[in-house]
Amino acid sequence: MMISTRGRYALRVMIDLAEHASQGYIPMKEVAGRQGISLKYLERIMPSLSKSGLVTGIQGKGGGYRLSRPPEEYTVGEILRLSEGELAPVACLAQGSSPCQRRGQCKTLTMWNQFYQMTNQFFDGITIAQLMENKL
């Protein structure tokens, strides 16, 4: 499994918003500058974070984005699943996939399923607050 740029940048944006929460709504131009991320790229990421309720945004003068909840309430898993989609390592474990014809005799299914569960547990056990404080 490889986490895409979109997923990595979504995490960086969320950490940046958490670190600057006392400043209220943060313009994406500021986040882009601090993080070295293209503003155009951030403008493609932010709507999904906003639509899902992870951040709130306002437009116009004094506008920008801020976290909707305290950093302790966001997990890496939640953000990655939103930005990456399913974290399943193989197609047959992805939600909504059709049952694999080899499911009954697949010798690797148990391994993939355990890996999938470990991945989700790992990422769901890390919060934005922990990343912000570099405490893993």
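Everything numeric here is computed off the predicted structure, so don't read it as measured data.

In terms of helices and strands, the chain carries six helices and two strands. Shown N-terminal to C-terminal, the secondary structure of the chain runs as helices and strands in the order α-α-α-β-β-α-α-α. Counting all 136 residues of the chain, 32% fall into the buried class. In the chain, once contacts between residues fewer than 6 apart in sequence are set aside, the share between residues at least 24 apart is 63%. Entry remark: accessible area of the chain is about 8400 Å², with carbon and sulfur atoms responsible for 52%. Taking the 16 positively charged and 11 negatively charged side chains of the chain as two groups, their mean positions are separated by 8 Å.

All right, on to the pairing of strand S2 (residues 64-67) then. The sheet contact formed by strand S1 (residues 55-58) and S2 spans four bridges and is antiparallel. Bridge pairing in S2 places Val-55 opposite Leu-67. Linking S1 to S2, which pair antiparallel, is a turn of five residues; within it Gly-60 sits at a positive phi near 90°.

Judged by side-chain polarity, Met-1, Met-111, Trp-112, Phe-115 and Met-118 come together as a nonpolar surface patch covering roughly 500 Å² of accessible area. Along the polypeptide, Met-111 turns up in helix H5 (residues 109-124). The exposure class of Met-111 is partly exposed, given its relative accessible area of 45%.

Put simply, helix H1 (residues 5-19) and helix H3 (residues 39-51) touch, their axes get as near as 10 Å, and they point 75° apart. As the angle between them shows, H1 and H3 are arranged roughly perpendicular. Contacts from Thr-5, Arg-6, Tyr-9, Ala-10, Val-13, Met-14 and Leu-17 in H1 reach Tyr-41, Leu-42, Arg-44, Ile-45, Met-46, Ser-48 and Leu-49 in H3. In terms of residue class, the contact of H1 with H3 is built from 10 nonpolar, two polar and two charged.

As a rule of thumb, soluble globular proteins bury nonpolar side chains together. Counting 28 residues, the largest nonpolar core has Met-14, Leu-17, Leu-42, Leu-49, Ile-79 and Ile-128 as the members making the most contacts within it. When contributions to this core are tallied by element, the ones reaching two or more residues are H1, helix H2 (28-35), H3 and helix H4 (76-84). The leading source of residues in this core is H1, at eight residues. For Ile-79, the residues in contact, after removing those within four places along its chain, are Ala-10, Leu-11, Met-14, Leu-54, Tyr-74 and Ile-128.

The rules we used
- Residues numbered from 1 in each chain as written.
- Predicted model: local features only at pLDDT ≥ 70, side-chain atom pairs only at ≥ 80, totals over all residues.
- Heavy atoms only, no water.
- Helix = DSSP H or I, 4+ residues; strand = E, 2+ residues; numbered from the N terminus.
- Buried < 20%, exposed > 50% of the residue type's maximum accessible area, 1.4 Å probe, protein only.
- Contact = heavy atoms within 4.5 Å.
- Areas by Shrake-Rupley, 256 points an atom, 1.4 Å probe, with all protein chains shown as cover.
- Lys, Arg positive; Asp, Glu negative; His and termini not counted.
- Charge placed at Lys NZ, Arg CZ, Asp CG, Glu CD.
- Pairing = 2+ DSSP bridges.
- Patch = residues over 30% accessible without salt bridge, like charges linked within 9 Å, V, L, I, M, F, W, Y side chains within 5 Å.
- Salt bridge = Lys/Arg side-chain N within 4 Å of Asp/Glu carboxyl O.
- Axes fitted to C-alpha atoms, helices over the stretch in contact; angles between N-to-C directions.
- Parallel < 35°, antiparallel > 145°, perpendicular 65-115°, else oblique.
- Nonpolar A, V, L, I, M, F, W, Y, C, P; charged D, E, K, R; others polar.
- Core = buried A, V, L, I, M, F, W, Y, C linked by side-chain atoms within 4.5 Å.

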